[in-house]
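# Chain and residue survey
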Amino acid sequence: MYVRDRPIIILRRFTAKIMTKRINISILNFLMSTVISRHHTQDSRDPPAQDSRTHLIKGNAIQFNWAQAAQHSSLTLARDQDISEVRRGRRRTMANRFLALSCLGKGKKEIGERDASNLVLSPPPYYPSMPRYPPESPSRASAGTSAHPSLEMRKALFKVQGMQCSACAASIEKAVKRLPGIQDATISVLHNKAQVVYHPEFVNEELIRETIEDTGFEATLMETDDEVSVIAICRLRIKGMTCTSCSSTVESALEKVQGVKRAAVALATEEAEIRYDPKLVNYKQLIDAIDDTGFEAFLISTGEDTNKVHLKLEGIPSDGRIKLIQSSVQALPGVLDTELDMQLGKLVVSYNPEMTGPRTFIEVIEETCSGNCKVTLFQPGGLGGPDRSEEISQYRKSFLWSLVFTVPVFVLAMIFMYIPGIKRGLEIKLVNMLMLGQLLRWILSTPVQFIIGKRFYTGAYKAVRHGSANMDVLIALGTNAAYFYSVYTVLRAATDVEFEGTDFFETSAMLISFILLGKYLEVLAKGKTSEAIAKLMDLAPDTATLLIHDNDGNVASERTISSQLIQRNDIIKILPGEKVASDGLVVWGQSHVNESMITGEAKPIAKQIGDEVIGGTLNENGVLHIRATHVGSETAISQIVRLVEAAQMAKAPVQKFADRISKFFVPFVIAISFTTWLAWFIAGKIGSYAKSWIPSRMDEFELALQFGIAVVVVACPCALGLATPTAVMVGTGVGARQGVLIKGGGALETAHKVNCIVFDKTGTLTVGKPVVVGTHLLRTMLLRDFYAVVAAAEANSEHPLAKAVVEYAKSFRSEISDLSWLPEVQDFVSISGHGVRALVQNKTILVGNTKLMIDSEVTISEDAYNFLREAEKMARTGILISFDGELVGIIEISDPVKPEAQGVVSILKSMNIKSMVVTGDNWGTANAIAKEVGIETVMAETLPEGKADKVKELQMSGMIVAMVGDGINDSPALVAADVGMAIGAGTDIAIEAADIVLMRSNLEDVITAIDLSRVTFKRIRLNYLWALGYNAMGIPLAAGLLFPFTGFRIPPWIAGAAMAASSVSVVCCSLLLKYYKRPRKLETLQMQGVKVQ
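Just so you know, these numbers come straight off a predicted model, no measurement behind them.

### Here's the deal with the pairing of strand β5 (residues 193-198)
- The sheet contact formed by strand β3 (residues 154-161) and β5 spans 6 bridges and is antiparallel. Paired with Ala 156 across the bridge in β5 is Val 196.
- Direction of pairing for strand β4 (residues 182-188) relative to β5: antiparallel, over a ladder of 6 bridges. Looking at β5, one finds that Ile 182 is bridged to Tyr 198.

This is the structure we're talking about:
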């Protein structure tokens, strides 16, 4: 240990003794000043204190940067790897020690162990900016990039006691992240846990634990993991999949690749999402694995693409100039890395969006090549759903070419053979029994079989090579059987003077043509299932007006740029009638903005300086200048699109039914086909049926072959595989259009089973903007002075009721816009579910509910109880205030019920769904609110973890529970519920925890979500009924079940047409969901004026 560090260690040990002995505060003051002064003098390399905290101890002000001293000491000791000294030195945190001393000096009394453990320093300690690695270790290019590849990473989980709010978590996170070797730190207030990813070469668990304790909380190590593998995510477009067997084959192939953690392949979207360990595998190897299965794969995006841009370079004369351009871009501030693809002429730039952006890169490149080159954004595709235009064009072209050959074959075989004059010409024998008509049909059908139908051969070969069977296998088997038997008859007729056989060239050609027609129609229909995403993407305008300011901040000029080139902090001008080009803040002007395309709220929203605007919304009447805050993939539109795409990628549980069937479907059909051919052939040979059953120009073998081919081609696994994903795609897209974002098929499936909905009260059933409506003072004082003290105590709280008190207090000082007039607050503590405690003007202030007062031994008079009961009857919340243990006043706060709440509860009751209220508020207010909206079951005075327990109790009783909430305290219950629904205006944590997000913050959308789920799953059932029913009826009919009784049989080409039609019909059935309308009962509510204005 260095000598210069000893004063800090001595000071720590000295402060530990102060806890048990009374020491003159002035001596302590003098000692601290002297030690810290000498400490900084001895180490001139240490940076000066930048944020000194001022603590008043017995009237004397001393300035001391607690956190910097603690941090400096810890880093010095860690650098010398003297961890044992750290353990001995950090028995208790300095912050809490001296806070205890402050109380000793002011209160002249002993502080017990219980009080000392509950003390929380406010504001949180300051930690100077430090690198995450020591100076001698490899530094990273920037925060947020992956760790150095040569360094091992470990993960430790700590239990942290004493956190009350997000500010506590933030202080811990800052402290831990300033330690050397810390890769990441995640703090959960709800679960009282901290997860830290770190490099053991520079820091260990004990040092992390003690650093957490230095911020004023108790930390206990729960568990550690060995080396942490970073999980990367990539999305791939896959072409050529036709049924669930194809998607299952690809999924299995990907999951066999070493390093792949999970792979999900969606047939309807033709995409794969793979989570993998980048140390073991990269996306190129994943693409190769898919290619080996017989399908084409293209990269859409990787998890690293958020701050990457792909630039297409055209017109650059030499490779040397391209490398010069790369060097010029690499030298720009904020550029992290560049990758050059000489073959494609593509430059990939990784950058920090806070410092630079695509527009800067393009300008630098154009200046570097003196304007002789063209630079455009390279679009790899993917966002907004698959671009099916090329696939549609290919199927259309293949189908039209097949008609060129198939129509003549059909005419020769089915029409001309019944016209006497033409028939004689076609029956002219060329060689032995070979006729002209047979030779023409052979010539015309061959290009259809092997050139136009090549895709089926390729798909079937690759599927069989990997041990699976798909739709291509059935098509190849059926068409090959018809074609090669026909070739056999032609060759036999040419070599035998007596042989008379029938060819089926028209069967193979017409099969392929009808299947191509079905595929063309199917791709057209599947393209329409992603229209909702395409419409969302189209909301963003193509161009934007960029304002350029001079050094004085005045607008110097303006120019039009592509909206894709907007960079963070750009100032964009929005004229009336134009769409907002990017998410941002209004910095000049005022107007009304129509946000209905995003939130579904038809009423234009007033916007002025400081208000947020959403990209893609419509500016109605005024000119706005906005500062771009979120651009590219960070915008609200892009996030909604990604959410919808993720929902479409996630398989609904009911899809597993089709996946199980698809594994055995094709082998089963092939076995049935062979059995059908063999049974009819043997029956014909042994005379089990009359010769009159056999059509003219056929024999027993040919009739049996017709039945066998018909069975192969009539079976359709495609319809089964498309039944669920197409309906989920359309359903989630329709939901997004209605303002209901559904996170996956699982949530969509579960929502239709919900029979119990638990509502949070504040912000869910109520408007969420409580206001003070009355004050009852129990001591004579000025109302202004009373609210100054109460508002000071409540100012640090995030609770809506606290904000209402602070807003009301502002009315007494309307001439001052900020809260600078509030008295100073010390020792602020937020007591979850009860209220707050703080020291204001040397008074201990308690603000909260009756339980807080009782626990704090504050006497509540009968008059106060009567006042509270009267307030509760009127659905108002009473807040009790005590000064130094004496109850001095009660504040009445009212949060009005949402206008639509009563109607929504009534409709849910008619849908046989039980409604409940769970809240942390008192029983009286909760019962009054529940009675007003028509809810009978109430659970009040419930803590956040208690809400989750209530949900689990309901689930244990057999109910399918949906939870509707908006706040951080609702998150545990949202996760615990079968379906969590978050109000769109709620917190990010609640939205992240929920399965369904109600964008409009309107309770009517709860009904819309459940009704849409029910309608979607009715459609899925109908799809399965049709797909299974079609195969259950089609296969026996194609096998000739009715032929002995009615003479009815299905020719193979008609069976092929029926197969193609079945897939199209399933997709079209799903597309009918596009015309979904909300329940009429909701329209009735709007007509009655219940809709929120």
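### So, unusual backbone geometry
- Within the chain, Asn 569 stands out as a residue other than glycine whose phi angle is a positive 75°.
- Tracing the backbone shows Asn 569 in the loop between β18 (555-562) and β19 (571-574).
- Classification of Asn 569 by relative accessible area gives partly exposed; the value is 43%.

### Focus on the pairing of β18
- Both strand β17 (residues 543-549) and β18 contribute to a ladder of 7 bridges, which runs antiparallel. When the bridges of β18 are listed, Ala 544 appears paired with Ile 561.

### Some thoughts on the packing of helix α13 (residues 389-415) against helix α15 (residues 436-452)
- Where α13 contacts α15, the axes come no closer than 9 Å and their chain directions differ by 155°. Relative to α15, the element α13 is oriented roughly antiparallel. In this structure, the crossing between α13 and α15 has a hand that is left-handed. Two secondary-structure elements touch here, α13 through Ser 398, Trp 401, Ser 402, Phe 405, Thr 406, Pro 408, Val 409, Leu 412 and Ala 413 and α15 through Leu 440, Arg 441, Leu 444, Ser 445, Pro 447, Val 448 and Ile 452.
- Residues that form the contact of α13 with α15 fall into these classes: 11 nonpolar, 4 polar and 1 charged.

### Some words on the layout of surface pockets
- Taken as a whole, the second largest pocket holds about 820 Å³ of empty space.
- Lining the second largest pocket are 32 residues, and of these Thr 502, Asp 503, Ser 696, Arg 697 and Met 698 sit closest to its centre.
- Elements with a contribution of two residues or more to the lining of the second largest pocket: α13, α15, α17 (471-495), α18 (505-529), α23 (700-714) and α38 (1052-1071).
- A breakdown of the residues in the lining of the second largest pocket according to their chemical character gives 15 nonpolar, 6 polar and 11 charged.

Scoring rules and cut-offs
Residues numbered from 1 in each chain as written. Predicted model: local features only at pLDDT ≥ 70, side-chain atom pairs only at ≥ 80, totals over all residues. Heavy atoms only, no water. Pairing = 2+ DSSP bridges. Helix = DSSP H or I, 4+ residues; strand = E, 2+ residues; numbered from the N terminus. Buried < 20%, exposed > 50% of the residue type's maximum accessible area, 1.4 Å probe, protein only. Axes fitted to C-alpha atoms, helices over the stretch in contact; angles between N-to-C directions. Parallel < 35°, antiparallel > 145°, perpendicular 65-115°, else oblique. Left-handed = near helix turned anticlockwise from the far one by under 90°. Contact = heavy atoms within 4.5 Å. Nonpolar A, V, L, I, M, F, W, Y, C, P; charged D, E, K, R; others polar. 1 Å grid on protein atoms, 1.4 Å probe; cavity = no way out; pocket = protein on both sides within 12 Å on 5 of 7 lines; lining within 4 Å. Points joined across faces, edges and corners; volume = space filled by probe spheres on them.

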